[in-house]
Amino acid sequence: MKAEEDFESSTQFAVGLKLLAEPENPIVDIVFVHGLNGHWKRTWTARNQAFWPADFLPEMVPQARIFSYGYDANTHGAHKLSLLSLTDQGQALVRSLAAERRKSKTEPRRPIIFIVHSLGGLVLETGLIHANNRGEGDLDSHKEVKLASYAVFFIGCPHQGGTGAWYGKMIAFVASSVTPTNSMILQHLQVNSEWLREHGSNFMAISKDLEMTFFYEQYATKLLGPITSHIVPQFSAIIPGKSNAEAIPLPGDHKSIVRFSSMHDPGFGIIVGKLQTLIDDMHKWQASQVLKLSGRESEPVFIPEDFKVSFWLYTVNENFCGREAERKKLCEVLRTKKRTEYISAGDLVKDDIGRTSVAICGQGGVGKSQLALQHAHDFLKKAYTSVLWISANTKANMDLDLSKAAESIVSHYSAKSEAAYQRFARILGIPEAEKRGSLPENCSTALNRDIVKKWLAIQENHNWLVIIDNSDRFDENTSQPEIPETDFLPSTGGSVIVTTRLTQRALMTTIELKEMDEKTSLKLFLGSAGLVEEELEPNVIVEAKKLVEKLGGLPIALDQAGAYIKARQYDIAEYHELLERHFKNVAGTRIGLSVQVYKQNAFYSTWEISYMDLKERCPIALEVLLLCAFLNNENIPEELLYRGLKSDYDEMVINEAIAMGVTYSLFKRTKSNDSRFTGRNLTMHPLQQKSAQSQLSPEDQQLYTKKVMATISSAISIHARKQNDSDWMFTQQMGPHLIACRENLDTYLKNVTLEVQYAMPAHSLGVAFDDLSLYRLAEFPYRKALEGLEHARGEQSSDQKANLIKVMRSLGQNLSYQSRHNDALQVLEPVLGLCWQPDGKKSQTYLATLYSIGLVYRYKGEYDKALEAYKVVYDGNVERHNDRQCTGALEAMNEIGYTYLAKRDFDAAQNYLEAAFEGYKTRFGPMHPFTLITVHFVASVYMRRGKYEDALEWYQVAKSGREIKLGKDHLATLATVAAIAETHIQQGRYEEGLDGYQRALEGRIKASGNKSMWTLSAVHGVGVALQGLRRYAEALEFFELALEGRKEVLGLDHPQTRETMVYLEDLRGLLAQEGGATPDRV
């Protein structure tokens, strides 16, 4: 059937279904839906007036009846348009389609494919939610539309949700960017962002039978003047949590991606190809729908036991009591009764609950975490198949908990059959490991997060509970509360509890937790004190009630008071008297900001009593307490204390000190929550840490920052070669505590010159960060160490001079790692003068410094200078040790080989590198990190010579070894990941290359910043992969970023800068040949 004639633009002709094509025996309906302020015809019409849904599509899909739906999105007054009107429009769409299908006597099971643009996706989703919720006999024709809905093409639809107002702003931005939109539209869309979030959750709950394909624009849309923007970029085009979703780029900006001028338009070809595939596979979908409607559906793919993963969880608090109203409210909001029914019935398919979320808000120490923990234990296995606890007080803690969770998920499926395990491995993207059911050592945070997110997003897995504890951080850039769960939670399914002190953090239903009432406070206090109310004399109970009233119903204060009475065998009256003496001092100047933040004296009074008692009775216990107060508050390894304090105290004494702190309830003893680390850990409440620091004078705060630094330095044996796996592993375990120490260094010692005895512990802190490839964090400790040593330079001993040289060399290398090569040379070159020997011989220190200078020259691309330095280092080491395979000689040989590789002298490179490899293998073993450097370099020679399979074989050895020894986020590991990506690109495997470079880019930004030479190399690599995939607009953006950064960091004449310039020129020439816009030349 020929397309209908053009209609006038008035509302009466712009609304409703417009029939565009109808073959004699159609087997599918295709329905187009435009966005806000769009039009049933103009939205889909190109500049040459080609209306492709009617002019081109019928010829390509002759089996389809085609409609375009129009709705009134322009003529509402400013106060009429709201999200309710969007819902009405969705219902009107379903109503029109149902009426048309009834009128034309369409077979109810004839499939419908929707093609929607921009916010038309929201209109369709509301309509399908409405249709799905019709009960039996209630608008059956509407229900039939939902049951017949087979597929949806979302073109430029912004689905990124889950963070509240941002989603509303993005949608509002789309509306205002595409066509003029009055300000009330924007206001309505932003105000109702919470409704939009709920809407998204509701749609995901009813959309599992829909085949969804997501398209996004390749080019930015021009907004105002020179301002352009990708309205719906790739990351926003997919519904978060939708498994097996595909995002497909369409050439064009946000408007032109739905306007095709001819049948040869690339975008039209992509759309038609996907449509034809769907129509070819339609019979499979129809068969499954018949089975569901007839009740003869086969067994579900998953069984309930598939999702009963045992995550690590704190043990239940035996003294927990009260909070009945809050516990009841939690159950109501999280709908535990309904979830219990589903679990009892073993129903994995039904999920009409959607996401349920609640925030527990209140001051520190009021019991937020304990309430969440009690709820978890109450309903684990009843209403929740699993409970996942994430500590969000620091990013390091959150990353650690996600890694534990990923490991638990993989371990759970390892107990299943091989076929079942492989199925979940594919779904979750679990990489191969030496042992089935375990992740490769030290998986990257991105991979751990991805595994957890994919697991939570499985549609049948919707009865989990995630608890995000202590979410009190602020975003440094916006000064707004961070929403950390957006990194790993899908947009739908499950239940979420957030505990936070920040009322502005809560974007969901909130339970405000206040102090306990007298009865509950008394019960908690007596339980902590080991007393039973029924066994006490009336006068003792009276005294206990007075004490409880004095403590103000704050659970942490009640628990500390009870623990002290139990430990010291005090009677309640004695303790009350003691408390009265301390109470008036608690709000003194030493507490400072803490009192203002928590507005409670009770906690600080009970804390000070225990603190002063430890100080008098067991100084070593107080020492342990204060050291823990300056570390990360969670997962403090007892091994750290044993290692760090062993020179001053016997291990038994340290153990007794820890036990006394636990007895006083000042910290808790827990097993390690990471299976890689087998020792016991300590945990402190953040309020206890803050109080411990606040008890100290400014001078003592500085002292304990130094002591913790010295303890860590002693514990991690930082000067060792780390030949044992346990040494590398312990350094990685210390990551969160290194970061806490670094923060305290900045807080308490930023403007203080370190004494000589603390200079080398600061140096050790820097080396530890370098070992973890956290280079930006390493520089400040090095600077502090150097400052301290130079301050004492006039009275330096030979040891102090050696330390000064060591620190300068470490700082210089660190600056080169950060791509600050000229700064590095300014630090390193004076060291050569400091370590020159009168007899003219080159000392080991001189050779080591010259080696570092050679590295800087190689990074700068000055290869001849690098070779000159390395050869001096090699000859000097051979002369000093009379051994061509001493460590110094092997290091120099390795670097000589790699520098020849950079000069493209492959024969010389291979000769040096193979000799270095044999030497390292003999001296250290095949999997030592030093040996693996050479393995990586040898692979690079094969790759440059075009021997790609040989290169990949060697790279895989380097990658596996580095993941085990260094971790997946280490820059050395990421270098191998990037090299493998480059090899894949050389083989034409661009998707694999893109994946590898994206992983390398994420890790390198974290480790060395946005403009390090390593980061810029990955940016360039992403551009190469995108160009190979013919995603030219994106490739252009990455090349331009790489060029800008390489010019700044490396200089215009550096080989890597010139490399990017060549790629950029070639790409611009290619775009010009294809008729695309050609930006300004370099």
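These numbers were taken from a predicted model, which means no experiment stands behind them.

In this structure, what is going on with the side chain of lysine 368? I would like to understand it.
Secondary-structure assignment places lysine 368 in helix H15 (residues 368-379). The exposure class assigned to lysine 368 is buried, which follows from its relative accessible area of 5%. Non-local contacts of lysine 368, meaning those with residues more than four positions away in its chain, are made with Ile360, Cys361, Gly362, Gln363, Thr499, Thr500, Arg501 and Leu513.

Please clarify how helix H40 (residues 929-944) should be interpreted in this entry.
Every α-helical turn comprises 3.6 residues, leaving residues that sit three or four positions apart pointing alike. In this model, H40 (16 residues) spans 23 Å end to end at C-alpha, consistent with the 22 Å of a helix rising 1.5 Å per residue. In terms of burial, H40 is largely enclosed, as 14 of its 16 residues are buried. Within two residues after H40, glycine 946 carries a phi angle of roughly 80°, on the positive side.

Mind showing me how you'd approach the confidence of the model for the protein here?
Do not read the predicted coordinates in detail wherever pLDDT is low. Within the protein, residue pLDDT values average 79, and 79% of them lie at 70 or more. Contacts from residues 1076-1082, a stretch scored under 50 in pLDDT, to residues over four places away or in other chains number 16 contacts.

Looking at this structure, how should I read the sheet that holds strand S4 (residues 112-117)?
Across a sheet, paired strands are connected by hydrogen bonds in the backbone, their directions being either parallel or antiparallel. One open sheet holds the seven strands; their spatial order is S1-S3-S2-S4-S5-S6-S9, and the pairing between them is mixed. The sheet is open, and its two borders are formed by strand S1 (16-21) and strand S9 (247-250), each paired with just one other strand. Mean inter-strand twist for the sheet, computed between neighbouring axes without regard to direction, equals 25°. Sheet analysis places S1 next to strand S3 (residues 64-70), joined by five bridges and oriented antiparallel. Looking at the pairing, lysine 18 lines up with serine 68 of S3. Across the face of the sheet, helix H5 (residues 120-132) comes into contact with strand S2 (28-33), S4 and strand S5 (149-155) while running at roughly 140° to S4.

Any chance you could explain the nonpolar core here in plain terms?
Within soluble globular proteins, side chains that are nonpolar generally end up buried alongside one another. Counting residues in each nonpolar core, the largest one holds 147 residues, and the members touching the most others are Phe525, Val624, Leu625 and Ile712. In contact with isoleucine 712, not counting residues within four places along its chain, are Leu631, Leu640, Met734, His737, Leu738 and Cys741. Core analysis: the second largest hydrophobic core is formed by 36 residues, Leu20, Trp44, Ala54 and Ile155 among them.

Could you clarify how one ought to interpret helix H18 (residues 445-457) in this entry?
Here H18 is 13 residues long and its end C-alpha atoms lie 18 Å apart, about the 18 Å a rise of 1.5 Å per residue gives. Among all positions in H18, only Thr445, Ala446, Leu447, Asn448, Arg449, Ile451, Val452, Trp455, Leu456 and Ala457 are buried.

Help me understand the packing of helix H19 (residues 518-529) against helix H21 (residues 555-568) in this model?
If you want to describe how two helices pack, look at the angle between their axes and the distance between the axes. Orientation of H19 relative to H21, taken along the N-to-C sense of each, is 35°, at an axis distance of 7 Å. Between H19 and H21 lies a crossing of right-handed hand. Contact residues: Ser521, Leu524, Phe525, Ser528 and Ala529 in H19; Pro555, Leu558, Asp559, Ala561, Gly562, Ala563, Ile565 and Lys566 in H21. Grouping the amino acids of the contact of H19 with H21 by side-chain chemistry returns eight nonpolar, three polar and two charged.

Sorry if this is basic, but what is going on with the sheet that holds strand S11 (residues 386-391) here?
The strand order S11-S12-S13-S10-S14 describes an open sheet built from five strands, whose pairing is parallel. The open sheet is flanked by S11 and strand S14 (509-512), the only strands paired with a single partner. Looking at each pair of strands side by side, their axes are set apart by 20° on average, direction ignored. Both S11 and strand S12 (residues 464-469) contribute to a ladder of six bridges, which runs parallel. Along S12, the bridge assignment pairs isoleucine 390 with isoleucine 468.

Looking at this model, I keep getting lost on unusual backbone geometry. Mind explaining?
For residues other than glycine, phi is negative in most cases, and the peptide bonds are mostly trans. Even without being a glycine, glutamine 49 presents a positive backbone phi close to 70°. Locating glutamine 49 in the fold gives a position in the loop between S2 and helix H2 (52-55). Under the relative-accessibility criterion, glutamine 49 is labelled exposed at 59%. Located in the positive-phi region is arginine 1030, a residue other than glycine, with phi close to 65°. With relative accessibility at 52%, the residue arginine 1030 sits in the exposed group.

What counts and what doesn't
Residues numbered from 1 in each chain as written. Predicted model: local features only at pLDDT ≥ 70, side-chain atom pairs only at ≥ 80, totals over all residues. Heavy atoms only, no water. Helix = DSSP H or I, 4+ residues; strand = E, 2+ residues; numbered from the N terminus. Buried < 20%, exposed > 50% of the residue type's maximum accessible area, 1.4 Å probe, protein only. Contact = heavy atoms within 4.5 Å. Expected span 1.5 Å × (residues − 1). pLDDT = per-residue confidence, 0-100. Pairing = 2+ DSSP bridges. Axes fitted to C-alpha atoms, helices over the stretch in contact; angles between N-to-C directions. Core = buried A, V, L, I, M, F, W, Y, C linked by side-chain atoms within 4.5 Å. Left-handed = near helix turned anticlockwise from the far one by under 90°. Nonpolar A, V, L, I, M, F, W, Y, C, P; charged D, E, K, R; others polar.

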